[in-house]
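# A closer look at the structure
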Amino acid sequence: MTQDVRDLLAAAAGLYRDDPRASAVLLDCQHRLEQPLRVAFAGAPSSGKTTLSAALGEWPTRALRDLVLLDDPGPADDFPDATVRLVRHLEPDELAAAHPPGGSPFARQSAVNSVLVLSRADEVGAGRIDALLTAKQLARRAWREDPLCTGFLGVIAVAGQLAYGGRSLRDDEFDLLAAFAAVPREELERYVLSVDSFTDPAFPGPIPVETRRSLVVRFGMFGVRLALTLIRTGCDDRVKLSAELVRRSGLGELRDTLAGCFVARAEALKARTAVIRLEALLAAQPRAGGDRLVSRVERFAAAAHDFRELRLIADIRGGRTALSGEPAEEAVRLLGAQGTAPADRLGLEPDADPGEIYDSGLDALRRWRHEAERPDRPHAERTAAHVVVRSAEGLLALFG
């Protein structure tokens, strides 16, 4: 795919060689293909963009090491390859505002570059101790049932402040929280109901008000309450508490989604950005002979299977297909949701023998061809099976 786009850009460069501005755009498109994937964090003020991108960016994980995370992108980053869109609530007006823009026919057809994040998950249900669980249930339901969520590769609930606080939990902060957790529950209970009560001068013990306030700034009142509960139930050192806060924050699910949907498809998403920019240039500055290039772009768009795979993965996981159970799990794996390497698609060990990979791929191809041709299946289900068949064929073609 990337070579096809390079060829398109080279042809366009010839067409616009006498136009410095257009040439600069095309040169930038070529350079971007060689650079890391750009992922923008977008959302209204106070949605937590900076906190969440910092929590992810400062996470030393191999899964995200090839991404450039753009918090509040500036003019130089007007063309991110993928977007994490943050909302504070799953309300219709916020979802409508966060919905990916339409753009050109190719942009709409390949609109598989956005993930929606309910970024203040700890505020759900007035911040009760089960807020995160409730938020995750709401996010899953919205992804499956709300038409305004169909354009996203996932809807994920994350408590950004908790994630960042957990990631960067210090020894002195753990000691403070552990000291509070040691106070008898019935004595402490009324002081952890709100920020005002937590910073009340009558708070038991010698810890200054400013120190207590700093904990609220770092973790939120929900985070303080959760940390106290976790310490009382076994997180008896900083490392354990840090890991549990991060786990419960939803940050890991977001990381895995970005890795599966963005990192694994980095080349396809960068190619998408370049083609959309090329389309815009051809439309804004038409040239004699440009129609042939437009036709080439259309043929490229029609043949771009990566985007069909990503769309079908999202539809299956969002419950918008008839596939379920083991067939659905196999389909999303063959489509590349757990990695696009042949062994990943087939659920084999990374060092699987090529013969084993081929035989397993051939078996999958036969089964899914059967599913695609079954007359008793709904048309939509057969269409989905055809996409899986195309993925299996592409896998076997590697052994050509």
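Here is a short report on the structure shown in this document. (Residues numbered from 1 in each chain as written. Predicted model: local features only at pLDDT ≥ 70, side-chain atom pairs only at ≥ 80, totals over all residues. Heavy atoms only, no water.)

## A look at the overall build of the protein chain
Each helix and strand in the protein chain was counted, giving 20 helices and five strands. Expressed as lengths along the three principal axes of its C-alpha atoms, the size of the protein chain is roughly 80 × 55 × 40 Å. Looking at the protein chain as a whole, 47% of its 400 residues are labelled buried. Look at the contacts in the protein chain between residues 6 or more apart in sequence, and 73% of them connect residues 24 or more apart. By element, 52% of the accessible surface of the protein chain is carried by carbon and sulfur atoms, the whole surface being about 19100 Å². (Helix = DSSP H or I, 4+ residues; strand = E, 2+ residues; numbered from the N terminus. Buried < 20%, exposed > 50% of the residue type's maximum accessible area, 1.4 Å probe, protein only. Contact = heavy atoms within 4.5 Å. Areas by Shrake-Rupley, 256 points an atom, 1.4 Å probe, with all protein chains shown as cover.)

## So, the pairing of strand 1 (residues 37-43)
With respect to burial, strand 1 is a largely interior element, five of its seven residues being buried. When strand 1 meets strand 2 (residues 67-71), the two strands line up parallel, connected through five bridges. Paired with Arg 38 across the strands is Val 68, a residue of strand 2. In this structure, strand 1 lies alongside strand 3 (residues 82-87), joined through five bridges in parallel fashion. Directly across from Ala 42, in strand 3, lies its bridge partner Arg 85. (Pairing = 2+ DSSP bridges.)

## Examining the sheet that holds strand 2
Strand order in the open sheet made by the five strands is 2-1-3-4-5, with parallel pairing throughout. Of all the strands in the sheet, the pair left with one neighbour each is strand 2 and strand 5 (155-157). Between one strand and the next, the sheet's axes are offset by a mean angle of 25°, whatever the strand orientation. Note that strand 3 and strand 4 (residues 114-118) share five bridges and pair parallel. Considered in strand 4, the bridge of Arg 85 is made with Leu 116. Across the sheet, helix 13 (residues 251-261) lies against strand 3, strand 4 and strand 5, angled at about 175° from strand 4, the strand it touches most. (Axes fitted to C-alpha atoms, helices over the stretch in contact; angles between N-to-C directions.)

## Notes on helix 16 (residues 305-317)
Across its 13 residues, helix 16 extends 18 Å between first and last C-alpha, which sits within 8% of the 18 Å expected from 1.5 Å per residue. For helix 16, every residue scored as buried is listed here: His 305, Phe 307, Glu 309, Leu 310, Leu 312, Ile 313, Ala 314, Asp 315 and Ile 316. Gly 319 sits one or two positions beyond helix 16 and adopts a positive phi of about 75°. (Expected span 1.5 Å × (residues − 1).)

## Description of the environment of Ala 314
Residue placement: Ala 314 occurs in helix 16. Accessibility expressed as a relative area gives 1% for Ala 314, which makes it buried. For the pair Ala 314 and Trp 143, spaced 171 residues apart in the sequence, the C-alpha separation amounts to 9.4 Å. In contact with Ala 314, not counting residues within four places along its chain, are Trp 143, Phe 152, Leu 153 and Arg 320.

## With respect to the nonpolar core
Leu 177, Phe 198, Leu 241, Leu 254, Phe 262 and Leu 278 are the most contacted members of the largest nonpolar core, which has 98 residues in total. Ranked by residues supplied to this core, first place goes to helix 11 (residues 209-232) with 11 residues. Contacts of Leu 278, omitting those with residues within four sequence positions, involve Leu 8, Leu 9, Ala 12, Leu 26, Leu 293 and Val 297. Judged by nonpolar contacts, the second largest core, of 27 residues, contains Leu 312, Leu 335, Ala 352 and Ala 385. (Core = buried A, V, L, I, M, F, W, Y, C linked by side-chain atoms within 4.5 Å.)

## Notes on the side chain of Glu 330
For Glu 330, the location among the structural elements is in helix 17 (residues 325-334). On the basis of relative accessible area, Glu 330 is assigned to the buried category, the value being 15%. The contacts of Glu 330, once residues within four sequence positions are left out, are Ala 364, Arg 367 and Trp 368.

## Some points on the packing of aromatic side chains
Under the definition given, this model contains seven aromatic pairs. An angle of 75° between the planes, with centres 5.2 Å apart, marks the rings of Phe 180 and Phe 203 as edge-to-face. With Phe 180 in helix 8 (residues 171-181) and Phe 203 in the loop between helix 10 (195-198) and helix 11, this residue pair connects regions lying 23 residues apart in the sequence. We classify Phe 180 as buried; its relative accessible area is 3%. Each ring, one from Phe 198 and one from Phe 203, has its centre 5.2 Å from the other, and the planes form 80°; the classification is edge-to-face. Overall, the relative accessible area of 3% leaves Phe 203 in the buried class. Every member of this aromatic cluster is reached through a ring pair, and the members are Phe 180, Tyr 191, Phe 198 and Phe 203. When the ring centre of Phe 219 is taken as reference, the NZ or CZ atom of Arg 218 above it lies at 5.2 Å. Just above the ring of Phe 79 sits the side chain of Arg 277; from NZ or CZ to the centre is 4.1 Å. (Phe/Tyr/Trp six-rings, centres within 6.5 Å; stacked < 30°, edge-to-face > 60°. Lys NZ or Arg CZ within 6 Å of the ring centre and 35° of its normal.)

## Side note on the environment of Tyr 16
Counting through the fold element by element, Tyr 16 comes out in the loop between helix 1 (2-15) and helix 2 (20-34). Distance in space between the C-alpha atoms of Tyr 16 and Leu 118 is 43 Å, their sequence separation being 102 residues. Beyond its immediate sequence surroundings of up to four residues, Tyr 16 is in contact with Ala 22, Ser 23, Leu 26, Leu 281, Leu 282, Gln 285, Pro 286 and Arg 287.

## A look at the pattern of salt bridges
If you walk through the whole model with that rule in mind, you get 28 salt bridges. Among the ionic pairs, Arg 238 bridges to Asp 171, the shortest N-O distance being 2.9 Å. Residue Arg 238 is located in helix 12 (residues 238-249), and its partner Asp 171 is located in helix 8; the two are separated by 67 residues in the primary sequence. The exposure class of Arg 238 is partly exposed, given its relative accessible area of 29%. Here Asp 171 falls in the exposed class, since its relative accessible area comes to 52%. Among the salt bridges present, the one from Arg 248 reaches Glu 244, with a minimum N-O distance of 2.9 Å. On the criterion of helical spacing, the pair formed by Arg 248 and Glu 244 is a turn pair, its members being four residues apart in helix 12. Judged by relative accessible area, Arg 248 falls into the partly exposed class, the value being 33%. (Salt bridge = Lys/Arg side-chain N within 4 Å of Asp/Glu carboxyl O.)

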